[in-house]
Amino acid sequence: MRDLPTRKTRLGEEGPDRYLASLTPSERMQMVWTLTLQSWMFKTGSTDEPRLRRDIGRVVRGRRRSAG
């Protein structure tokens, strides 16, 4: 497996393909979603979509008022 050639590409550096350049981030995600689900199936053995994690949160605090 390590002998296979790989190519790293960053978003926006895909090359001269006008079709890819015209896609929105949402459309790009739709292109790879099937592959993502297949990869998840190989990892877990389940054909169900992964559930949204409920244990991740974010705290947004208000600004502190200045004394005086």
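Above this note sits the structure.
Note that the structure is predicted; figures quoted are calculated from it, not measured.

Conventions we followed
Residues numbered from 1 in each chain as written. Predicted model: local features only at pLDDT ≥ 70, side-chain atom pairs only at ≥ 80, totals over all residues. Heavy atoms only, no water. Helix = DSSP H or I, 4+ residues; strand = E, 2+ residues; numbered from the N terminus. Buried < 20%, exposed > 50% of the residue type's maximum accessible area, 1.4 Å probe, protein only. Areas by Shrake-Rupley, 256 points an atom, 1.4 Å probe, with all protein chains shown as cover. Expected span 1.5 Å × (residues − 1). Patch = residues over 30% accessible without salt bridge, like charges linked within 9 Å, V, L, I, M, F, W, Y side chains within 5 Å. Salt bridge = Lys/Arg side-chain N within 4 Å of Asp/Glu carboxyl O.

J.: Please explain the overall build of the chain as it appears in this structure.
T.: For the chain, the helix and strand inventory stands at two helices and zero strands. Relative to its 68 residues, the chain shows a buried fraction of 1%. Total accessible area on the chain stands at roughly 7,800 Å², and carbon and sulfur atoms take up 52% of it.

J.: What should I look at first to understand helix α2 (residues 25–44) in this one?
T.: Between its first and last C-alpha, α2 extends 27 Å over 20 residues, near the 28 Å set by a 1.5 Å rise per residue. Downstream of α2 by one or two residues, Gly-45 has phi in the positive range, about 80°.

J.: What is the right way to read a nonpolar patch on the surface from this model?
T.: A cluster of nonpolar side chains, Tyr-19, Met-29, Met-31, Val-32 and Leu-35, forms an exposed patch at the surface whose accessible area comes to about 530 Å². No other element matches α2, which puts four residues into the nonpolar patch. With respect to the element layout, Tyr-19 can be found in helix α1 (residues 18–22).

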